[in-house]
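One letter stands for each residue in the lines below.
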Amino acid sequence: IGLKDNNGSVSFTVKENNDEYERTAPIRIAYGNTIAYYYVQQEYVAPEIFLQADKDIFNYNAAESSVFYHINNSRKDLKIVASTDADWVTILDRNGNNEEGKIYFRINENNDRETSRYANIYLAVGDIYTSCQIVQTSDAPKITMVNGGQTASYKEESYSFNYTIENPRPSLKPEVTCDAKW
């Protein structure tokens, strides 16, 4: 605390409270053998973090997206850190250390045909953090027969049918098999 005494009127300046707790300091006034104290209490206001995902549900494809954040009561001495708890999500460093901005991230393709997966994206300012959850669906490929089944004549003949694959995966190729020996 910086002090200035003007014969009975004391002015003082306090520095920003970065201690993460309320603090109190006595100002001592001595006049001969007489002593008096004036107490200054300085509040502490913790940063508040708000997160909002631009999109929080993704299909199985690899993608990039972002999470908007805003920090109230931020302090310059606190570092803003983004992280995730999933190895299939990568936080991209595109933003720096701002009170308002976006956390950019990349998600890998979900190769599990049956299971959706969940990840948290965390934003920390000092010891205070919050998170939002993203979901990547499995969107298992779906095979649709275009013209149903086939009734074949008793004669030897060639036939054909068509199918489509919804949600195809670049890493998969169709395998067509039949166990019948006729």
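Before going into details, it helps to say that this report is about the structure given with it.

Procedures and definitions
Along each chain, numbering runs from 1 in the same order as the chain's sequence is written. Where local features are concerned, this predicted model is filtered to residues with pLDDT of at least 70; where side-chain atom pairs are given and counted, the filter is 80 or more; whole-chain, interface and lining totals use all residues. Hydrogen atoms and water are omitted, and side-chain values are computed over all heavy atoms in the structure. Any two strands between which DSSP finds at least two bridges are classified as paired. Secondary structure elements are defined from DSSP: runs of H or I of at least 4 residues count as helices, runs of E of at least 2 residues count as strands, and each element is numbered from the N terminus. In this description, contact between two residues means that some pair of their heavy atoms is separated by no more than 4.5 Å. In what follows, salt bridge is the name for a side-chain nitrogen of Lys or Arg lying within 4 Å of a carboxyl oxygen of Asp or Glu. Each residue is placed in one exposure class: buried if its accessible area under a 1.4 Å probe, protein chains only, is under 20% of its type's maximum, exposed if it is over 50%, and partly exposed if it falls in between.

### Here's the deal with the sheet that holds strand S12 (residues 128-136)
- The mixed open sheet is built from four strands, whose spatial order is S6-S12-S11-S8. Strands with a single pairing partner mark the edges of an open sheet, and in this sheet they are strand S6 (57-58) and strand S8 (80-84).
- Pairing between S6 and S12: two bridges, direction parallel. Opposite Ile-57, over in S12, you have Val-135 as the bridge partner.

### A few points about the environment of Ile-35
- Along the chain, Ile-35 falls in strand S4 (residues 34-42).
- Residues within four places of Ile-35 in sequence aside, it is in contact with Arg-28, Ile-29 and Ala-30.

### Some points on the pairing of S4
- In the sheet, strand S3 (residues 23-31) pairs with S4 via nine bridges, with the strands oriented antiparallel. Of the residues in S4, the one forming a bridge with Tyr-31 is Thr-34.
- Hairpin geometry of S3 and S4 is characterised by an intervening segment of two residues between the two adjacent antiparallel strands and by a positive phi of about 70° at Gly-32.

### Details of the pattern of salt bridges
- Per the counting criterion, the structure on display carries one salt bridge.
- The partner of Glu-64 in a salt bridge is Arg-106, with the nearest N and O atoms 3.1 Å apart. Residue Glu-64 is found in strand S7 (residues 63-72), and its partner Arg-106 is found in strand S10 (residues 100-107); the two are separated by 42 residues along the sequence.
- Given the relative accessible area of 42%, Glu-64 is considered partly exposed.
- Under the relative-accessibility criterion, Arg-106 is labelled partly exposed at 35%.

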